[in-house]
Amino acid sequence: MLPFYVINGNHLTLLSEKLTQMMEWASKRSVIRMNGDKFRRFVKAPPRNYSVVIMFTALQPQRQCGVCRQADEEFQVLANSWRYSSAFTNKVFFASVDFDEGSDVFQMLSMNSAPTFLHFPSKGKPRRSDTYELQVRGFAAEQLARWVADRTDVQIRVIRPPNYAGPLLLGFLLAVIGGLAYLRRHNLEFLFNKNVWAFSALCFVLIMTSGQMWNHIRGPPYAHKNPSTGQVSYIHGSSQAQFVAETHIVLLFNAAITMGMVLLCEAATSDMDIGKRKIMCVAGIGLVMLFFSWLLSIFRAKYHGYPYSFLMG
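Residues numbered from 1 in each chain as written. Predicted model: local features only at pLDDT ≥ 70, side-chain atom pairs only at ≥ 80, totals over all residues. Heavy atoms only, no water.

*Asks:* Whenever I open this one, the overall build of the protein chain confuses me. Can you help?
*Replies:* Tallying secondary structure elements over the protein chain gives 11 helices and 6 strands in all. Relative to the 2.2 N^0.38 estimate, which gives 20 Å for 313 residues, the radius of gyration of the protein chain is 27 Å and therefore markedly larger than a compact globule would have. The dimensions of the protein chain, computed from C-alpha atoms along their principal axes, are 100 × 50 × 35 Å. Taking all 313 residues of the protein chain together, the buried fraction comes to 36%. As presented, the protein chain carries roughly 19,100 Å² of accessible surface, and 61% of it is formed by carbon and sulfur atoms. In the protein chain, 32 positive and 20 negative side-chain charges are present, and the distance between their average locations comes to 3 Å. (Helix = DSSP H or I, 4+ residues; strand = E, 2+ residues; numbered from the N terminus. Rg over C-alpha atoms; globule rule 2.2 N^0.38 Å. Buried < 20%, exposed > 50% of the residue type's maximum accessible area, 1.4 Å probe, protein only. Areas by Shrake-Rupley, 256 points an atom, 1.4 Å probe, with all protein chains shown as cover. Lys, Arg positive; Asp, Glu negative; His and termini not counted. Charge placed at Lys NZ, Arg CZ, Asp CG, Glu CD.)

Okay, here's the thing in structure tokens:
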């Protein structure tokens with residue numbers, strides 16, 4: 001039997017070698033790419049006194065996982081913010097495992113969806129809270145940083161590269177509006193047109209009620225694709241979260257219902273001949289009934305046990 005100091009010395013030597021290797025990889029790229037062998041050696045196998053935050057993903061084009069690419073961009077922002085921070089230490093590392101490079105890791109962890117974020121603590125096995133709630137919190141770098149801070153006590157100040165698209169688009173829009181106002185400076189009656197303001201207000205209301213502000217705050221994925229089955233979900237199954245695609249669907253449904261109500265109002269108050277008014281009335285009723293039924297179907301799918309339905313169960 002080997003003396004304790006020999007075992008302990010070997011332990012420290014192996015730990016030092018692993019730390020040196022991890023630091024070398026981190027110096028080359030903020031997110032360390034791992035396959036099955038690297039994962040087993042540097043994450044699963046002891047000794048390890050550092051935490052590893054891993055994104056399990058499927059970035060290959062044949063996987064058609066658009067959400068994975070969006071999540072990867074945010075994960076890169078978070079990892080770069082940590083790597084180039086003055087507070088950077090070897091306490092936490094960021095890594096990724098791609099399904100096509102480490103399918104054995106996915107099988108080992110019984111993982112059947114991507115992207116997924118897991119924290120492997122420096123001591124002990126991962127707990128339930130070490131799995132990031134992507135569907136609830138979204139994959140924005142700021143949300144990921146809060147989760148990392150909660151799990152590791154490492155505070156990361158997210159620094160994003162400058163994005164001039166928003167200011168440029170706003171400047172272009174203001175220039176177009178200013179140009180139109182200048183060209184029609186002698187006839188500005190359109191500014192007092194109630195239909196213009198009604199349409200603008202309606203668009204704003206539809207955007208807000210569809211959940212766009214929630215998307216802006218939480219940064220959820222556009223949709224979810226299961227890498228094993230390839231099935232894409234556009235509607236989140238929980239009432240506590242949503243996908244971006246879901247808000248677009250709800251926006252279109254609300255817009256169709258609104259259009260139906262407008263047609264019904266026009267059919268009742270218009271001076272057109274009775275035939276056109278009947279057509280508008282039937283079209284309005286059809287739009288309201290069909291799309292309101294679909295809207296209730298989405299509501300029932302998210303709020304399990306909701307008792308009411310209309311046309312469609």
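On we go.
*Asks:* Looking at this model, I keep getting lost on helix α2 (residues 36–44). Mind explaining?
*Replies:* Residues that lie three or four places apart on an α-helix share one face, since the helix turns once every 3.6 residues. All of the buried residues along α2 are Gly36, Phe39, Phe42 and Val43. Looking down the long axis of α2, one finds its buried residues gathered within 155° of arc, a one-sided arrangement. Sitting at the head of α2, Asn35 places a side-chain oxygen 3.2 Å from the backbone nitrogen of Asp37. (Arc of directions from axis to C-beta. Polar contact = N/O pair within 3.5 Å; in protein donor to acceptor, adjacent residues only side chain to side chain.)

*Asks:* Would you mind going over the packing of aromatic side chains with me for this structure?
*Replies:* For any pair of aromatic rings, geometry is given as the distance between the ring centres together with the angle between the planes. Applying the stated criterion to the full structure yields 14 aromatic pairs. Between Tyr132 and Trp147 the ring centres are 5.2 Å apart and the planes differ by 55°, which places this aromatic pair in the tilted class. In this pair, Tyr132 sits in the loop between β4 (116–120) and α5 (134–137) while Trp147 sits in helix α6 (residues 141–152), placing the two residues 15 residues apart along the sequence. Counting every residue linked through ring pairs, the aromatic cluster contains Phe39, Phe56, Phe99, Phe106 and Phe120. Across the ring face of Tyr50, the terminal group of Arg48 is positioned such that the distance to the ring centre comes to 5.9 Å. (Phe/Tyr/Trp six-rings, centres within 6.5 Å; stacked < 30°, edge-to-face > 60°. Lys NZ or Arg CZ within 6 Å of the ring centre and 35° of its normal.)

*Asks:* Help me understand the pairing of strand β3 (residues 92–98) in this model?
*Replies:* Taken residue by residue, a regular strand's side chains alternate between the two faces of the sheet. Burial within β3 is extensive, with 7 of its 7 residues counted as buried. Of the pairings in the sheet, the one linking strand β2 (residues 51–57) to β3 comprises 7 bridges and is parallel in character. Note on β3: the bridge partner recorded for Phe56 is Val97. Following the backbone out of β2, through helix α3 (residues 66–83) and into the adjacent parallel β3, one traces a crossover that is right-handed. (Pairing = 2+ DSSP bridges. Right-handed = clockwise from strand over helix to strand, strands pointing away.)

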